[in-house]
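# Fold and geometry: a report
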2 protein chains.
Amino acid sequence: MSRRGLTRAEVVRAATELIEDEGTGGFSLRGLARKLHVKASSLYNHISGMDELFTEVGYYAIGELKRTQLAAIEGKRRDDAVLALAEAYYRFGKERPELYKVILSLPMVKNDALLSAAGDIVEPIMAAMDGYSLSGADKMHLQRVLRSIMHGFISQEEAGCFRHFPVEISESYRMAVRGFILLLDDLENEASE
Amino acid sequence: MSRRGLTRAEVVRAATELIEDEGTGGFSLRGLARKLHVKASSLYNHISGMDELFTEVGYYAIGELKRTQLAAIEGKRRDDAVLALAEAYYRFGKERPELYKVILSLPMVKNDALLSAAGDIVEPIMAAMDGYSLSGADKMHLQRVLRSIMHGFISQEEAGCFRHFPVEISESYRMAVRGFILLLDDLENEASE
DNA sequence: ACTATATACTAACGCCGTTAGTTTGTCAAT
DNA sequence: ATTGACAAACTAACGGCGTTAGTATATAGT
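Since the structure is predicted, the reported quantities are computational estimates derived from the model, not experimental observations. (Residues numbered from 1 in each chain as written. Chains lettered and ligands numbered in written order. Predicted model: local features only at pLDDT ≥ 70, side-chain atom pairs only at ≥ 80, totals over all residues.)

### Examining the environment of Ala84 of chain B
Residues and elements named next belong to chain B. Quick note on the threshold: Note on conventions: DSSP H or I runs of at least 4 residues are helices, E runs of at least 2 residues are strands, and numbering of each starts at the N terminus. Here, residue contact means that the backbone-derived C-beta atoms of the two residues sit within 7 Å.
Of note, Ala84 is situated in helix α4 (residues 78–95). With 44 residues separating them along the chain, Ala84 and Ala128 place their C-alpha atoms 8.8 Å apart. Excluding residues that lie within four positions of it along the chain, Ala84 makes contacts with Ala72, Ile73 and Lys76.

### So, the domain arrangement of chain A
Residues and elements named next belong to chain A. As a reminder of what qualifies: The source of the domain bounds is an automatic or database domain assignment. Lys, Arg, Asp and Glu make up the charged group, whereas Ala, Val, Leu, Ile, Met, Phe, Trp, Tyr, Cys and Pro make up the nonpolar group; the residues left over, Gly among them, are polar.
When its domains are assigned, chain A resolves into domain 1 (1–47) and domain 2 (51–191). Computed over C-alpha atoms, the centres of domain 1 and domain 2 are 30 Å apart. For the side of domain 1 that touches domain 2, the residue count by class is four nonpolar, three polar and one charged.

### Here's the deal with the interface of chain B and chain A
Taken residue by residue, the interface counts 38 residues in chain B and 38 residues in chain A. Within the residue set of the side of chain B that touches chain A, elements represented by two or more residues are α6 (112–128), α7 (136–158) and α8 (169–192) of chain B. Per-element tally for the side of chain B that touches chain A: the top contributor is α7 of chain B, with 13 residues. For the side of chain B that touches chain A, a count of residues per class yields 21 nonpolar, 11 polar and six charged.

### Quick look at helix α7 (residues 136–158) of chain A
Short version of the rule: Expected helix span is computed as 1.5 Å times (number of residues minus one). With C-beta atoms placed from the backbone, a residue is buried if 20 or more other C-beta atoms are within 10 Å of its own, exposed if 12 or fewer are, and partly exposed between those counts.
For α7 of chain A, with 23 residues, the first-to-last C-alpha span of 33 Å sits near the 33 Å given by 1.5 Å per residue. Within α7 of chain A, 19 of the 23 residues are buried, which leaves it mostly tucked inside the rest of the structure.

### Quick look at the packing of α7 of chain B against α8 of chain B
Any two packed helices are characterised by the angle at which their axes cross and by the distance between the axes. Residue and element names in this part refer to chain B. Counted only if it meets this: Every axis in this analysis is a line fitted to C-alpha atoms, fitted for helices over the stretch in contact. Angles between the N-to-C directions lie between 0 and 180 degrees. Roughly parallel here means an angle under 35 degrees, roughly antiparallel means over 145, roughly perpendicular means 65 to 115, and every remaining angle is called oblique.
One can describe the packing of α7 onto α8 by two numbers: an axis separation of 11 Å at closest approach and a directional angle of 170°. As the angle between them shows, α7 and α8 are arranged roughly antiparallel. Contacts from Asp138, Leu142, Val145, Leu146, Ile149, Phe153 and Glu157 in α7 reach Ile169, Tyr173, Ala176, Phe180, Leu183, Leu184 and Leu187 in α8.

### Some remarks on the relation of the copies chain B and chain A
What counts, and what does not: Copy-to-copy alignment: least squares on C-alpha atoms, limited to residues at pLDDT 70 or above in both.
Overlaying chain B on chain A yields an RMSD of 0.0 Å, the required transformation being a rotation through 180° with an accompanying axial translation of 0.0 Å. Both chain copies can therefore be described as sitting about a two-fold axis. By C-alpha distance to the rotation axis, the residue of chain B lying nearest is Gly152 of chain B, at 1.8 Å. Most of the interface of chain B is mirrored in chain A, where 100% of its interface residues are also at the interface.

### Examining helix α1 (residues 8–22) of chain B
Each full turn of the α-helix corresponds to 3.6 residues, which orients residues three or four apart in the same direction. Residues and elements named next belong to chain B. The test is simple: Read the arc as the range of directions from the helix axis to the C-beta atoms.
Taking 1.5 Å per residue, 15 residues should reach 21 Å; α1 reaches 21 Å between its end C-alpha atoms and fits that length. Looking at α1, one finds that the buried residues are Val11, Ala15, Thr16, Leu18 and Ile19. Here the buried residues of α1 occupy an arc of 165° about the axis, which is enough to place them on one side. For α1, the exposed residues lying more than 90 degrees away from the buried face are Ala9, Glu10 and Asp21. Buried residues along α1 sit in contact with α2 (29–35), α3 (50–73) and α5 (97–105). Just downstream of α1, Gly23 is the residue with a positive phi angle, here 90°.

Take a look at the structure:
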């Protein structure tokens, strides 16, 4: 090491903090450098640029999401697991909205690392559906469906799209998840005939 | 008028074109000015800034979305209407992704005009559910649920999150909508008991 | 023809990400 | 202990951005 340490890990951590505290919108390398008492160009000794930094923060965010999801469904099966997963996903999006946005902004196609990160998002959802007797293909479809419901709900609420009507937002979410469970049951029955 | 016309409407139209052609990401006032053979600062004679311009493009986008949705459900009832609406929504998001993104970026809470624009998004969905005998509150919830499903699906597909599994994306979407219809039926039966 | 005004212009400010080239502190080998 | 290599910080600059202030000018209404 030389001339006052500053690690890649520290940079990423500081960036994550800054994003969580002040939002993705106003985030800048210069702002981050200021927080680290360093000039912006110095950051390039540790990261290749903004894109890589965001990607790195995104990995952390995905890890957090995965962790909370797995913790939520631990020891649960079937409907209990799905409900717990949906609840945990919602809470994550609500409590750490900026981190959640970073996940969404990742271009999940760009390279192998990102592709495997996409796998980390899928994993807990597949695990929650483990107890249902469904074909593999159905599970893949249903994973997409559940993610659409959860993500769609959170992002519309976050955007302020749900304030138009005077009915409880949490009740709407419960209804959405109930719809998914109805679909699960339906497909399971269909398969067993 | 004076010194070579250039209307607010023209500016908005050109901005819309530029966004649809080259994406929200790279859009800039200077780029727009270039397209209009004008300096960037001249645009301020017609719009108050970037925010207002985006809002204006957003209004247009919402109008387009509403138009296609209403056209899709015209003459249809119940499940037919819901399926047609979902199909039309999906096509809009897929065929005009950049315009769709502009809608999402609108801060739907900021002022009355934006609030009424939010109403334009809701209207066709409520219309599609007209044929079901549901309470008003249920319809409000279900409107949120359907929008979550549709938006969640489109935005995840657009982000590349759905390429991880080798099953048909359109089939997943059909399944998602089927789940919504199951929910509709369920709530209708429940209400009639 | 004259004046007022709307519209476009130039110039600049303060941000941004990024790059090139330079200095300087530290660690390892002599 | 001296030296040499290197990593990490620096300064300076480029071209981009949105936005503002102040200036010139062509047209519309008198």
